[in-house]
Every structure is written in structure tokens, then in C-alpha cells.
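# Residue-level structural notes
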Amino acid sequence: MAVLAAHNLHKSYDGEEVVAGVSFGIAPGECFGLLGPNGAGKTTTLRLCLGLTDPDGGSVELMQRPVPGEARPARARVGVVPQIDNLDPDFTVSENLLVYGRYFGLAERAIRERIPELLEFAGLTARAKSRIQTLSGGMKRRLTLARALINDPDLIFMDEPTTGLDPQARHLIWERLKQLLAAGKTIVLTTHFMEEAERLCARLAIMDRGRFITEGSPRELILRHIEPHVIEVHGDGVTEWADGEAGGLATRLEKSGDTVFCYAADPAPLLASLSRRTELRYLHRPADLEDVFLKMTGRELRD
Amino acid sequence: MRVFAPPSMSLRFVPVWRRNLLVWRKLAIPSILGNLADPLIYVLGLGYGLGSMLPQVGGVSYVAFLAAGMVCSSTMNSATFEAMYSAFSRMHVQRTWDAIMNAPVDLDDVVLAELVWAASKSVLSGVAILAVVWLLGLSHSALAFWVLALLPLIGLAFGALALAVTAMARSYDFFMYYFTLLITPMSLLCGVFFPVEQLPPAFQAIAAFLPLTHAVAIARPLLLGNIPADVALHVLVLLAYAAAGFYAATILFRRRLLK
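Computed from a predicted model, the values in this text were never measured in an experiment.

### Describing the overall build of chain B
Helix and strand content of chain B: 10 helices and 0 strands. Mapped in sequence order, the helices and strands of chain B form the string α-α-α-α-α-α-α-α-α-α. A compact globule built from 259 residues would reach a C-alpha radius of gyration of about 18 Å, and chain B, at 19 Å, matches this within 12%. Expressed as lengths along the three principal axes of its C-alpha atoms, the size of chain B is roughly 60 × 40 × 35 Å. The proportion of buried residues among the 259 residues of chain B is 47%.

Printed below as a string of C-alpha cells:
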């Protein structure tokens, strides 16, 4: 039984279709990743799933309830970590949790009993009485995650949970998300960090211009869409090399700035060619999700 | 979208109201002193200063006349400030409303909470001024206690109107228009500083439609120990402003935030 199911969702703003026919289902215990460049429609899709805006077409079932019709009781079983920090700046760390628990109609005592374990989980026990302004970016994110868990939700939506964090803080968040998955929670994650998606998500979809353009496990997507070897080449004369010799050796070539990305099933001929061109520097690596993402959504900037 | 649906009223607004109360409690004393300072300056400066040069107004000293006006306009100002600047901060700057709406609380609940909160805070302001009025011996009648029942009505009416303005605001600057075009004229036209009857007939006609006129029309006789005339009419006007303002605010907030 799906904890979240979307059928053919549509949403337009000022004549522009931001979500253009999106369908998906999420099973309990799964970590589903929603990847896409800025403006792909990820956040709007989440808002539709939470019943915070009405779709122009299609339907959503969240925790087996129709949304937006029964969005409120559905949200009682859901936690949300929003993209923009919206902790309450007037309160301390533990007051933030207390006040948020009241929005769920939880009993005062139940909330107060739950706060210490959430602070422990977020590594904020020593900061219980600190004001929000004194917290680092990583602490604020952890507190936002703890706040999303106040109602012990079955499903957690996370909208770019590690954007703007340093590597230490990011790894700690990933660690916590894995703990939640191990405890049987379902997670829906939007991100544009491929590493994050590869580490956490059993299944993911790449979204662009309001549509899901591909869907599968990270491995499947790499196997399906991309050659297994990537050689990144740069240095003087790389364009000439790419236009000439390399063309016949790589399955596919992509130029981005002064770097040429060569995709190939068999890297040996390319490496042989490069060994004769000492002015070119190169990096040979296995293909990853980022290669899939860039192939599917293009390399041009999105604003 | 159910933009024009009537506001859904439920007790779910209570935790949101309590959130605002908890913030206020941290700053209660400076907040109450701030609420008192402005009207006190008017009562002392205008009431005793200007009043000493005036004959009796409406059969009483000017400062006693002014007291009811100050109670009403302070309550109006307090509700207006809270529902504009503070609500806008919570909605737009701090994104507190977004966080609340991810919980099982709807936008209508948040708007109702902001209205009731603005009214609650304005009642505190009104009570503070009323206390000063009693301490200065400007009112001797037990009828004055009935003003306590009027204060929430004033708070709801002006809180609701201000919330509708907040729903349209893009920045804090926008609120200046509302103050310049409505709140300040009301302070001058609605019988706060002098009887409405002193105005030219055209202005009296305008004043008859403004909510503050009706608040003062109830408060002044009560503070001076008389039973006000046409209480039902005045109460209905204030209730109508509260209801219309709240409905307009709900529609405007839905269009802004649920799109």
C-alpha cells in the first residue's frame, strides 16, 4: 500500500506549466529521490503532495487520504523539512520543538517527554536553551529535522536538506537519514546533489520542465542512460583532438567550457590516444549519476 | 481553488495563538510600557496642556472628554500594528506561517489565530489606558467597566481590516498608505479629540461610516457615567467591519499563499 501516490499532476502559473503530468507511487520504508535543476518543478510537486496548493489536474493520495480534501489529517502523519529555514527566531531550541508539537494537537506532556530524545538525535542536547540565532547552519538543519519528527511521522518530506552545509554537517544529516530509514520511515527527498541521491535513495526520478524524464535505482539509471567509462580531458589543443582523432574512439563527446567529456564502453583506445598527446591532461573515472543528470537535463545554466 | 469559501473556523487556531503569546511573554514589560507611552503623552499633553485653555467640552473637562477617545484609538492602533507589521514579519520575513502550515493546521486557522491575537494584544493596550484613566480620576462610573466588553470588538474590527492590508503588502512600506489614508484620518474625524458634531456635515457623513466613530460613541458615555444611545447599531457596525475584514483577509491570503 503506497504511502504517497500522485496521478497525472498538473499545475500552471501564469500560463506556464510548472508540473506537467507527474505520476508516481511511494512504498513504505522507501527513500525516493526527486532530482532536477532549479525550476524543474520539484518544490511545486511537494506542495501539491502536501495539499498546500490545489492541482489544476490529477490527484494525490497521501497516507491513503485524498489531498487536498483530507490534507490536514494526512499531514498529521507526515514530517516536513523545508528548503528555506523557518525555525522560530523568537524561541530557544527546545521551545521550537514544544511549540511545533502543539500544532499537531499533541498533549503537552507527550511533547515534553519527546523533546530530550529528539535533541539527542539532532546532537543538540547541550544547546536546548540556546537561541536560534546562535546556532550554526548545520545545527539549524538538524533542529529542523528534529522538528519534523516531533509527531513521529511515517513519511518525511525533505526539500534539499543539505543545501548550503559544509561536508561535516552534510555527512551527519545523511547519517541521521539512514537511521530513520533503518527505523522504517519513508523519505521523499529533493536534491540536486547527485552524491546525496546515490547514497540515500533506493529509487529516484529526474525531473525537468515539469516532467519526470527518467526513473529507477541509481545503478539502473547509470546502466540505462550512460556509457560506463568517462574520460575528462583538458589542456591546449583539446578541441582539435576532440574534433579529430577522439571522435572515432568515444561513443559520445560533450564539450563544456575547455573540458571535453568522452563517454565510452571501452576506454582503451581513448587512453592510448591520450598517452601520445602529452599536452592533454585527463581524468578517467566510472560514469556516475551526475553524468546521467547532465545528459538528461543538458549543461546550460538554469536560473 | 476554494478561494471564496467562507473561512473555516475551528479551535485549531489556539496553538498558533499560544505561539504568539509565548513570544509576547518574553517581552511583556517593554511591550506594555510601549503601548502606554504614546497615549499617555496625548492625555497629559493635550488633555491637561491644551485642555487647560479650553472651556468644558460636552459638559466635562477636556481631559475627561479625551479619555474615551484615547482608549479607543490606542486599542485601534495596537490591533493595527500587530496585524500589519508583526503578522507580516511572521508570514513573509520569518516564514513562520509556512512552517505552521506543514503541520495539520490550515491557512484559515493561521489567519484566525492572527486576528484573535491582534485583538488580544489590543485589549491589553486598551486595559492599560483604562487603568491610567481610572488612576487619574478621569472616570468615576461603574458603567466604565462595560468598556472592557467593547475593547475586543474594537480589536477584532481593526485587526481584521489590517490583516486584509497585510495580505496585499509586498513590503513594510505599503503599510504607510493605510496609516496615511485611513488610520490618521480616522483619529481626526471620529470624535477622538473633539465631538464629531464640530465637523462640517459632509465630514460628519463620512465619519458615520467609519468604525472608530462607533467605538467612541459607545466608550465615551460609559466612561462619563451615561448609558450610550443606539448601542446595538454601533456594535453591529463594529461586528460588520470585523466580519467583512476577516473574510476579505482570508480570500486575499489564500490567493497569495495557496497558489
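After that view of the structure, there is still more to cover.
### Regarding the sheet that holds strand β7 (residues 155–159) of chain A
Residue and element names in this part refer to chain A. Ordered by their spatial adjacency, 6 strands build an open sheet running β6-β7-β8-β3-β9-β10, and the pairing between neighbours is mixed. Strand pairing shows two members of the sheet lacking a second neighbour, β6 (78–81) and β10 (211–216), which therefore form its edges. Going across the sheet, the axis of each strand differs from the next one's by a mean of 15°, ignoring polarity. Packed on one face of the sheet, helix α5 (residues 137–148) meets β6 and β7 and runs near 165° to β6. Against the sheet, helix α11 (residues 289–297) makes contact with β3 (31–35), β9 (203–208) and β10, and its axis sits at roughly 30° relative to β9, the strand it touches most.

### Re the domain arrangement of chain A
The domains assigned to chain A are domain 1 (4–217) and domain 2 (227–286). Computed from C-alpha coordinates alone, the two centres of domain 1 of chain A and domain 2 of chain A are separated by 40 Å.

### Overview of the nonpolar core
With 159 residues, the main nonpolar core has Ala-67, Ala-160 and Ala-219 of chain B as its most contacted residues. The residue makeup of this core includes at least three contributed by each of domain 1 (4–217) and domain 2 (227–286) of chain A. Once residues lying within four places of it in the same chain are set aside, the contact partners of Ala-160 of chain B are Leu-115, Tyr-241, Ala-242, Gly-245, Phe-246 and Ala-249 of chain B.

### Focus on helix α2 (residues 28–50) of chain B
All names here are of chain B. Compared with the 33 Å implied by 1.5 Å per residue over 23 residues, the 32 Å span of α2 between its first and last C-alpha is a close match. For α2, the principal kink sits at Ala-37 and spans about 25°; a proline, Pro-39, occurs within the next four residues. When we look at burial in α2, the residues that qualify are Asn-35, Pro-39, Val-43 and Gly-47. Structurally, α2 contributes buried residues whose contacts are with α3 (62–93) and α5 (107–135).

### Observations concerning the interface of chain B and chain A
Contacts between the two partners involve 21 residues from chain B, matched on the other side by 20 residues from chain A. Counting residues per element, the side of chain B that touches chain A draws most heavily on helix α1 (residues 13–26) of chain B, at 6 residues. Class assignment of the residues belonging to the side of chain B that touches chain A gives a composition of 11 nonpolar, 3 polar and 7 charged.

### Regarding the packing of helix α9 (residues 238–249) of chain A against helix α10 (residues 268–275) of chain A
Residues and elements named next belong to chain A. Contact pair α9 / α10: the axes reach a minimum separation of 8 Å and the direction vectors enclose 150°. With respect to their mutual orientation, α9 and α10 come out roughly antiparallel. The two elements α9 and α10 cross, and the hand of that crossing is right-handed. Along the contact surface, α9 presents Glu-245, Ala-246 and Leu-249, while α10 presents Pro-269, Leu-270 and Ser-273. Class assignment for the residues of the contact of α9 with α10 results in 4 nonpolar, 1 polar and 1 charged.

### Points about the sheet that holds strand β1 (residues 4–13) of chain A
To summarise the sheet geometry, strands pair through backbone hydrogen bonds and adopt either a parallel or an antiparallel arrangement. Residues and elements named next belong to chain A. Taken together, the 4 strands give an open sheet; going across it, the order is β2-β1-β4-β5, and neighbouring strands pair in antiparallel fashion. Strand pairing shows two members of the sheet lacking a second neighbour, β2 (16–26) and β5 (65–67), which therefore form its edges. On average, each strand axis in the sheet is inclined to that of its neighbour by 30°, with strand direction left out of account. Here β1 pairs with β2 via 8 bridges, running antiparallel. Among the inter-strand pairings, Tyr-13 is bridged to a residue of β2, identified as Glu-16. Helix α1 (residues 42–50) contacts β1, β2, β4 (57–62) and β5 of the sheet and is inclined by roughly 120° relative to β1.

### Some details on the environment of Ser-122 of chain B
Residues and elements named next belong to chain B. Relative to the assigned elements, Ser-122 resides in helix α5. With 29 C-beta atoms counted inside 10 Å, the residue Ser-122 sits in the buried group. Along the backbone, Ser-122 and Leu-156 are 34 residues apart, and their C-alpha atoms lie at a distance of 8.9 Å. Beyond its immediate stretch of four places on either side in the chain, Ser-122 contacts Thr-75, Ser-78, Ala-79, Glu-82, Ile-154, Gly-155 and Gly-159.

### Concerning helix α10 (residues 231–257) of chain B
When the terminal C-alpha atoms of α10 of chain B are compared, their 38 Å separation across 27 residues agrees well with the 39 Å that a helix rising 1.5 Å per residue should span. Lining the buried residues of α10 of chain B we find α5, α6 (147–168) and α9 (211–223) of chain B.

Criteria and cut-off values
Residues numbered from 1 in each chain as written. Chains lettered and ligands numbered in written order. Predicted model: local features only at pLDDT ≥ 70, side-chain atom pairs only at ≥ 80, totals over all residues. Helix = DSSP H or I, 4+ residues; strand = E, 2+ residues; numbered from the N terminus. Rg over C-alpha atoms; globule rule 2.2 N^0.38 Å. Buried ≥ 20, exposed ≤ 12 C-beta atoms within 10 Å, placed from the backbone. Pairing = 2+ DSSP bridges. Axes fitted to C-alpha atoms, helices over the stretch in contact; angles between N-to-C directions. Contact = placed C-beta atoms within 7 Å. Domains from an automatic or database assignment. Core = buried A, V, L, I, M, F, W, Y, C linked by C-beta atoms within 7 Å. Expected span 1.5 Å × (residues − 1). Bend = angle between axes of the 7 residues up to and from the residue. Nonpolar A, V, L, I, M, F, W, Y, C, P; charged D, E, K, R; others polar. Parallel < 35°, antiparallel > 145°, perpendicular 65-115°, else oblique. Left-handed = near helix turned anticlockwise from the far one by under 90°.

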